[in-house]
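Report on the structure
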Amino acid sequence: MPKRVDHAERRTEIAEALVRVAGRRGLHAVTMRDVAAEAGVSLRLVQYYFQTKEKLLFFGLELLAQRFGERVSARVRAAGENPGPRAMVEALLMAALPADDESRTFHHLYTSYAVLAVNDPALAAQPFIKNPEAAEDTLTELLRQAQEAALLEPGVDARSEAAGLLAMSAGLGTSILVGQRSPESATEVLDHRLNRVFRTSEGP
């Protein structure tokens with residue numbers, strides 16, 4: 001009997017090929033033919049599953065978002081049982097810094113997508129991820145939990161601080177990509193900011 005094709009698995013394999021080749025060449029330079037060659041399949045098969053490059057990009061970005069969530073979860077688990085709001089905040093922010101090959105590719109491709117969307121109506125018409133406010137909402141909730149437990153400095157606005165921390169993390173990530181800052185230096189900057197947001201153990 002012929003082997004049954006797992007279509008979800010095949011789509012994921014093609015998307016992973018997109019991520020690999022885009023990580024090497026840049027998202028703007030990748031064609032569906034390049035992705036087909038990387039995946040070891042025909043161009044027609046890539047077109048069968050995704051029809052257009054835009055659809056392939058969207059699926060690839062969803063895959064990256066899923067893996068980002070997995071990276072955050074792994075960092076939270078590494079922090080031990082009941083890590084607390086600060087450890088959760090650190091896990092979310094630090095996971096986005098391009099400190100290894102996987103996170104560099106993640107940051108590179110998400111930044112490239114944003115740049116391409118500026119001049120591409122088809123890309124701009126689509127959400128950056130399914131819920132663009134998801135990370136900000138999550139971070140805001142963590143800060144509010146910390147606030148309720150009297151773990152934050154007085155006067156911190158959870159929503160504004162969440163937006164600022166995410167913007168800082170994204171900017172630091174870009175500075176690492178272009179060689180202006182090391183991952184260690186970026187981590188120190190984020191840690192310094194968190195020290196100004198969270199109370200120290202000796203605080204009132």
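To start, this report covers the structure provided alongside it. (Residues numbered from 1 in each chain as written. Predicted model: local features only at pLDDT ≥ 70, side-chain atom pairs only at ≥ 80, totals over all residues. Heavy atoms only, no water.)

A word on the overall build of the protein chain
- When helices and strands are tallied, the protein chain shows 10 helices and zero strands.
- The order of helices and strands in the protein chain, counted from the N terminus, is α-α-α-α-α-α-α-α-α-α.
- Overall, the protein chain is about 70 × 40 × 30 Å in size when its C-alpha atoms are taken along their principal axes.
- For the protein chain, buried positions account for 34% of its 204 residues.
- Within the protein chain, one finds 24 positive and 27 negative side-chain charges whose respective centroids are separated by 7 Å. (Helix = DSSP H or I, 4+ residues; strand = E, 2+ residues; numbered from the N terminus. Buried < 20%, exposed > 50% of the residue type's maximum accessible area, 1.4 Å probe, protein only. Lys, Arg positive; Asp, Glu negative; His and termini not counted. Charge placed at Lys NZ, Arg CZ, Asp CG, Glu CD.)

Here's the deal with the packing of helix α9 (residues 158-177) against helix α10 (residues 183-197)
- Where α9 meets α10, the closest approach of the two axes is 9 Å, and the angle between their N-to-C directions is 165 degrees. By the angle between their directions, the pair α9 and α10 is classed as roughly antiparallel. Crossing geometry of α9 relative to α10 is assigned as right-handed. From α9, Glu-161, Leu-165, Met-168, Ser-169, Leu-172 and Ile-176 reach across to α10, where they touch Pro-183, Ala-186, Val-189, Leu-190, Arg-193, Leu-194 and Val-197.
- Class assignment for the residues of the contact of α9 with α10 results in 10 nonpolar, one polar and two charged. (Axes fitted to C-alpha atoms, helices over the stretch in contact; angles between N-to-C directions. Parallel < 35°, antiparallel > 145°, perpendicular 65-115°, else oblique. Left-handed = near helix turned anticlockwise from the far one by under 90°. Contact = heavy atoms within 4.5 Å. Nonpolar A, V, L, I, M, F, W, Y, C, P; charged D, E, K, R; others polar.)

A word on unusual backbone geometry
- Unusually for a residue other than glycine, Gln-51 sits at a positive phi of about 65 degrees.
- Mapped onto the secondary structure, Gln-51 falls in the loop between α3 (43-50) and α4 (53-78).

Things to note about helix α6 (residues 101-119)
- With 19 residues, α6 extends 28 Å from end C-alpha to end C-alpha; this agrees with the ideal 27 Å at 1.5 Å per step.
- Within α6, the full set of buried residues consists of Ser-103, Phe-106, His-107, Leu-109, Tyr-110, Ser-112, Tyr-113 and Ala-117.
- Put simply, Asp-100 is the residue that caps the front of α6, since its side-chain oxygen is 3.3 Å from the backbone nitrogen of Glu-102. (Expected span 1.5 Å × (residues − 1). Polar contact = N/O pair within 3.5 Å; in protein donor to acceptor, adjacent residues only side chain to side chain.)

As for α9
- Across its 20 residues, α9 extends 29 Å between first and last C-alpha, which sits within 8% of the 28 Å expected from 1.5 Å per residue.
- Listing the buried residues of α9 in full gives Ala-158, Glu-161, Ala-162, Leu-165, Ser-169, Leu-172, Gly-173, Ser-175 and Ile-176. Along the long axis of α9, the arc covered by the buried residues comes to 160 degrees, so they all point the same way.
- Phi turns positive, to about 85 degrees, at Gly-179, one or two residues after α9. (Arc of directions from axis to C-beta.)

A look at the packing of aromatic side chains
- Enumeration according to the criterion identifies two aromatic pairs in this entry.
- Look at Tyr-48 and Tyr-49: their rings are 5.0 Å apart centre to centre, the planes differ by 75 degrees, and that puts the pair in the edge-to-face class.
- On the numbers, 5.4 Å between centres and 55 degrees between planes, the contact of Phe-50 with Phe-59 is tilted. Like Phe-59, Phe-50 is buried.
- Residue placement shows Arg-11 over the ring face of Phe-59; its charged tip is 4.6 Å from the ring centre. (Phe/Tyr/Trp six-rings, centres within 6.5 Å; stacked < 30°, edge-to-face > 60°. Lys NZ or Arg CZ within 6 Å of the ring centre and 35° of its normal.)

Notes on the pattern of salt bridges
- In the structure shown here, the tally under the stated rule is 12 salt bridges.
- Note that Arg-86 and Asp-191 form a salt bridge whose closest N and O atoms lie 2.8 Å from each other. Of this pair, Arg-86 sits in helix α5 (residues 85-95) while Asp-191 sits in helix α10, and the two are 105 residues apart along the sequence.
- Several salt bridges share partner residues, and in doing so they unite Arg-20, Arg-24 and Glu-38 into one network. (Salt bridge = Lys/Arg side-chain N within 4 Å of Asp/Glu carboxyl O.)

What to know about the nonpolar core
- By size, the foremost hydrophobic cluster in this structure holds 53 residues, and its most contacted members are Val-35, Val-89, Leu-143 and Phe-198.
- Leaving out residues up to four positions away in the same chain, Val-89 has contacts with Leu-139, Leu-142, Leu-143, Leu-194 and Phe-198. (Core = buried A, V, L, I, M, F, W, Y, C linked by side-chain atoms within 4.5 Å.)

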